[in-house]
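Below, each chain spelled out in residue letters.
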Amino acid sequence: MQGQPMIVLGEDSQRTSGKDAQSMNITAAQAVAEAVRTTLGPKGMDKMLVDDSGGVVVTNDGVTILDEMDIEHPAANMIVEVAQTQEDEVGDGTTTAVVISGELLSEAEDLIDQDIHASILAQGYRQAAEKAKEILEEQAIEVGPEDTEMLKKVAATAMTGKGAESSKDVLAELVVRAAQSVADDGEVDTDNIQLEVVVGGSTDESELVEGVIIDKERVHDNMPYAVEDANIALLDTAIEVPETELDTEVNVTDPDQLQQFLDQEEEQLKEMVDDLKAAGADVVVTQKGIDDMAQHYLAQEGILAVRRAKKSTIKALSRSTGARIVSNIADVTEDDLGFAGSVAQKDVAGDERIFVEDVDEAKSVTMILRGGTEHVADEVERAIEDSLGVVAATLEDGKVLPGGGAPETQLALGLRDHADSVGGREQLAVEAFADAIDVVPRTLAENAGLDPIDSLVDLRSKHDGGDNTAGLDAYTGEVVDMTEDGVVEPLRVKTQAIESATEAAVMILRIDDVIAAGDLKGGGSDDDEDDAPGGPGGAPGGMGGGMGGMGGGMGGMM
């Protein structure tokens with residue numbers, strides 16, 4: 001057997017190990033971070049993303065950019081997961097988390113080149129992340145659920161630099177009112193805040209409906225357009241004659257027999273409507289269909305009815321009006337009905353919709369967001385989603401931090417002091433972590449067209465002097481008190497960003513072998529030559545081709 005090669009991997013498999021594998025993965029992750037880095041901050045630029053079918057998205061929302069990009073490299077996808085986790089947990093700070101991930105890997109690469117083992121780096125990074133969370137907790141400012149002004153500042157900060165910025169004062173007030181309306185024992189479920197996007201009009205004309213908008217019309221023209229002091233019945237069953245479950249065949253020998261069948265069907269439908277009327281229902285909303293004859297009877301009784309409403313709309317109506325969702329019409333009682341001061345069909349930018357308003361406790365509300373064009377309206381929606389996320393996090397946690405790079409500058413100083421107490425080579429990893437955190441204020445300055453070195457020096461000087469709320473005003477270039485300037489963000493945005501970024505960076509650093517069951521290309525075009533440089537067969541240069549495919553995915557964007 002000596003001298004006989006043993007083939008373990010398949011013919012098409014590729015393997016890269018050691019520093020080559022680490023370098024390849026770091027390069028892929030850095031490419032993703034660089035793609036979104038210029039979008040960070042109030043002066044961040046937008047990206048235009050064009051998909052295969054020619055659809056266009058214009059945004060500077062980190063997670064949207066990464067979702068739309070056609071990324072195939074596995075290490076790059078780990079960084080995309082950082083953004084998705086941040087979006088799911090907080091709703092904002094996705095770009096920050098991705099940029100920090102990229103910088104942590106960049107700093108790590110320098111230390112790996114100095115023969116510092118990846119395990120030591122991983123351990124040092126984890127220690128630094130734990131210490132970072134302690135420093136942020138110390139810096140946090142307490143906020144009560146009734147502190148509307150501070151909540152508005154949190155909402156406005158999340159919108160700054162996005163498409164909604166020009167109307168951020170109006171929108172911030174709507175967001176805070178919406179979040180406070182649906183808050184339940186300190187918890188805010190943003191699913192109870194529906195967003196209706198309307199193309200047309202100014203963003204300033206956006207409004208909050210303390211209730212629910214049903215994206216449907218009344219089912220019959222003879223039904224009333226509006227009902228005041230309405231008792232509402234919610235059904236998840238159809239107002240139709242049920243079909244038999246068995247396959248049956250009826251032989252009719254006399255036309256009168258057919259008429260009897262039809263009369264009996266009508267009688268059943270009339271009974272259903274009578275049951276709803278007897279319970280006191282003025283408005284009926286069902287998740288299923290309504291028979292034409294039943295529509296006629298409902299209109300005769302002056303009941304406004306809506307059919308085929310979404311399940312989510314029915315649930316929102318239940319929360320908002322207090323109605324119980326009923327499955328059997330014969331069982332409907334007065335106790336099952338909900339109440340709304342007004343139910344009316346209104347025109348919204350050419351579409352007829354049913355507005356259910358004036359409810360006692362609006363535990364489900366709807367925001368109507370307007371934008372002059374479809375792209376503007378979509379970007380306003382993304383900004384509002386981010387803003388709702390951060391206001392919800394603030395209401396739940398009750399803690400905020402100053403923005404403008406202030407917490408990162410404080411973190412970097414605190415971690416450099418902490419590094420002195422860390423023994424062994426982990427000290428170098430903690431110092432590298434501190435250097436990596438500086439990427440946030442540095443990028444804020446760069447994106448605002450300022451000198452990043454001057455800005456960092458000014459920030460460090462202020463923080464060294466004990467002014468831990470000093471941050472960078474991207475509009476003036478001055479270092480000012482961020483809390484006085486109204487630039488604040490939830491503590492959870494920063495702690496989650498640090499946590500996710502660290503976990504992703506550590507996971508990528510600990511990979512020293514990449515075994516691909518095929519050509520690990522980043523998604524280049526089908527007519528790429530098979531022997532084009534791209535697989536991880538060699539050094540990071542080989543990965544350049546792998547990322548090249550991803551670059552192609554980004555090509556449409558950049």
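Higher on the page you've got the structure.
Residues numbered from 1 in each chain as written. Predicted model: local features only at pLDDT ≥ 70, side-chain atom pairs only at ≥ 80, totals over all residues. Heavy atoms only, no water.

Chemist: Please explain the overall build of the protein chain as it appears in this structure.
Modeler: Each helix and strand in the protein chain was counted, giving 18 helices and 19 strands. By the burial criterion, 50% of the 558 residues in the protein chain qualify as buried. In the protein chain, the proportion of contacts linking residues at least 24 apart, taken out of those at least 6 apart, comes to 76%. Accessible surface for the protein chain amounts to roughly 25500 Å². Of this, 43% is attributable to carbon and sulfur atoms. (Helix = DSSP H or I, 4+ residues; strand = E, 2+ residues; numbered from the N terminus. Buried < 20%, exposed > 50% of the residue type's maximum accessible area, 1.4 Å probe, protein only. Contact = heavy atoms within 4.5 Å. Areas by Shrake-Rupley, 256 points an atom, 1.4 Å probe, with all protein chains shown as cover.)

Chemist: I keep staring at the packing of helix 7 (residues 168–182) against helix 11 (residues 374–397) and nothing clicks. Help me out?
Modeler: The relative placement of two packed helices comes down to the angle between their axes together with the axis-to-axis distance. At a closest axis distance of 10 Å, the pairing of helix 7 and helix 11 adopts a crossing angle of 50°. Viewed along their axes, helix 7 and helix 11 adopt a mutual orientation that is oblique. At the point where helix 7 passes helix 11, the crossing takes the right-handed sense. Side by side, helix 7 and helix 11 meet where Leu171, Val175, Ala179 and Gln180 of the first sit next to Val380, Ile384, Ser387, Leu388, Val391 and Leu395 of the second. When grouped by side-chain class, the residues that make up the contact of helix 7 with helix 11 number eight nonpolar, two polar and no charged. (Axes fitted to C-alpha atoms, helices over the stretch in contact; angles between N-to-C directions. Parallel < 35°, antiparallel > 145°, perpendicular 65-115°, else oblique. Left-handed = near helix turned anticlockwise from the far one by under 90°. Nonpolar A, V, L, I, M, F, W, Y, C, P; charged D, E, K, R; others polar.)

Chemist: Where do I start with the packing of helix 12 (residues 406–419) against helix 15 (residues 452–464) in this structure?
Modeler: Between helix 12 and helix 15, whose axes approach to 10 Å, the crossing angle comes to 65°. With respect to their mutual orientation, helix 12 and helix 15 come out roughly perpendicular. For the crossing formed where helix 12 meets helix 15, the hand is right-handed. Residues Ala406, Thr409, Gln410, Leu413 and Arg416 of helix 12 pack against Leu459, Arg460, His463 and Asp464 of helix 15. Here the residues of the contact of helix 12 with helix 15 sort into three nonpolar, three polar and three charged.

Chemist: Help me understand the pattern of salt bridges, please; the structure alone is not making it clear to me.
Modeler: Pairs can form between side chains of opposite charge once their charged atoms are near each other. Tallying each qualifying case throughout the model produces 23 salt bridges. Across the pair Arg37 and Glu446 runs a salt bridge, and its minimum N-O distance is 3.2 Å. Of the two residues, Arg37 sits in helix 1 (residues 19–37) while Glu446 sits in helix 14 (residues 439–447), which places them 409 residues apart along the sequence. The closest approach of N and O atoms between Lys131 and Glu134, which form a salt bridge, is 3.7 Å. Residue Lys131 and its partner Glu134 are both found in helix 5 (residues 118–139); the two are separated by three residues, about one turn of the helix. One continuous salt-bridge network, built from bridges that share partners, spans Glu196, Asp215, Asp351 and Arg353. (Salt bridge = Lys/Arg side-chain N within 4 Å of Asp/Glu carboxyl O.)

Chemist: Can you walk me through the sheet that holds strand 6 (residues 207–209) in this structure?
Modeler: Within a sheet, neighbouring strands are paired by backbone hydrogen bonds and run either parallel or antiparallel to one another. With respect to topology, three strands assemble into an open sheet ordered 5-14-6, the strand pairing being mixed. One side of each edge strand has no neighbouring strand; the edge strands of this open sheet are strand 5 (193–199) and strand 6. The sheet shows a mean angle of 25° between the axes of neighbouring strands, direction not considered. As paired elements, strand 6 and strand 14 (residues 365–371) share three bridges and run antiparallel to each other. Bridge pairing in strand 14 links Glu207 to Ile368. (Pairing = 2+ DSSP bridges.)

Chemist: Mind showing me how you'd approach the environment of Glu165 here?
Modeler: Within the secondary structure, Glu165 sits in the loop between helix 6 (148–159) and helix 7. Setting aside its immediate chain neighbours within four residues, Glu165 contacts Pro42, Met159, Thr160 and Tyr475.

Chemist: It is not clear to me how helix 13 (residues 426–437) should be interpreted in this structure. Could you clarify?
Modeler: Three or four residues apart is the spacing at which side chains of an α-helix point the same way, because the helix has 3.6 residues per turn. Helix length check: helix 13, at twelve residues, gives a terminal C-alpha distance of 17 Å against a target of 16 Å (1.5 Å per residue), a fit within 8%. Within helix 13, burial applies to Glu426, Ala429, Val430, Ala432, Phe433, Ala434, Ala436 and Ile437. Next to the buried residues of helix 13 lie helix 4 (94–113), helix 5, helix 12, helix 14 and helix 17 (491–509). (Expected span 1.5 Å × (residues − 1).)

Chemist: Explanation requested: the sheet that holds strand 18 (residues 488–490) in the structure shown.
Modeler: Strand order in the open sheet formed by three strands is 4-15-18, with antiparallel pairing between adjacent strands. Looking at the sheet topology across the chains shown, the edges are occupied by strand 4 (141–142) and strand 18. Strand contacts of helix 6: strand 15 (399–402) and strand 18, with the helix running at about 90° to strand 18, the strand carrying the most contacts.

Chemist: I'm lost on the side chain of Ser364 in this one. Help?
Modeler: You can see Ser364 is positioned in the loop between strand 13 (351–357) and strand 14. Assessed through its relative accessible area of 1%, Ser364 is described here as buried. Within the local environment of Ser364, its side chain forms a polar contact with the backbone oxygen of Asn192, the two atoms lying 3.2 Å apart. Beyond its immediate chain neighbours, meaning those up to four positions away, Ser364 contacts Val182, Asn192, Gly211, Val212, Ala316, Arg319 and Ser320. (Polar contact = N/O pair within 3.5 Å; in protein donor to acceptor, adjacent residues only side chain to side chain.)

Chemist: Could you clarify how one ought to interpret unusual backbone geometry in this entry?
Modeler: Note: most residues except glycine have negative phi, and most peptide bonds are trans. Notably, Asp229 is not glycine yet its phi reads approximately 45°, a positive angle. As for its position among the elements, Asp229 is in strand 8 (residues 226–235). Backbone geometry at Arg308 places phi at a positive 50°, although glycine is not the residue there. By the element assignment, Arg308 lies in the loop between strand 10 (304–306) and helix 10 (311–321). Its relative accessible area of 49% is what places Arg308 among the partly exposed residues.

Chemist: Hey, could you run me through the nonpolar core in this one?
Modeler: A general feature of soluble globular proteins is that nonpolar side chains tend to end up buried together. Core analysis: the largest hydrophobic core is formed by 67 residues, its most contacted members being Leu66, Tyr125 and Phe433. Residue contacts for Phe433: discarding those within four places in its chain leaves Leu104, Tyr125, Ala128, Ala129, Leu415, Ile498 and Thr502. Val90, Val176, Ala393 and Leu395 belong to the second-largest nonpolar core, a separate cluster that totals 36 residues. (Core = buried A, V, L, I, M, F, W, Y, C linked by side-chain atoms within 4.5 Å.)

Chemist: Mind showing me how you'd approach the packing of aromatic side chains here?
Modeler: Pairs of aromatic rings are described using the distance from one ring centre to the other and the angle between the two planes. This model, assessed by the stated rule, comprises one aromatic pair. Where Tyr125 meets Phe433, the ring centres are 5.7 Å apart and the plane angle is 75°; that geometry is what we call edge-to-face. Of this pair, Tyr125 sits in helix 5 while Phe433 sits in helix 13, and the two are 308 residues apart along the sequence. Note on Tyr125: relative accessible area 0%, which makes it buried. Above the face of the Tyr225 ring, Arg218 is positioned so that its terminal group lies 3.8 Å from the ring centre. Sitting above the plane of the Tyr297 ring, Lys270 keeps its charged end 5.7 Å from the centroid. (Phe/Tyr/Trp six-rings, centres within 6.5 Å; stacked < 30°, edge-to-face > 60°. Lys NZ or Arg CZ within 6 Å of the ring centre and 35° of its normal.)

Chemist: Looking at this structure, I do not really get a positive patch on the surface. What am I missing?
Modeler: A cluster of basic residues, Lys216, Arg307, Arg308 and Lys310, forms a positive patch at the surface. Here Lys216 lies in the loop between strand 7 (212–214) and strand 8. (Patch = residues over 30% accessible without salt bridge, like charges linked within 9 Å, V, L, I, M, F, W, Y side chains within 5 Å. Lys, Arg positive; Asp, Glu negative; His and termini not counted. Charge placed at Lys NZ, Arg CZ, Asp CG, Glu CD.)

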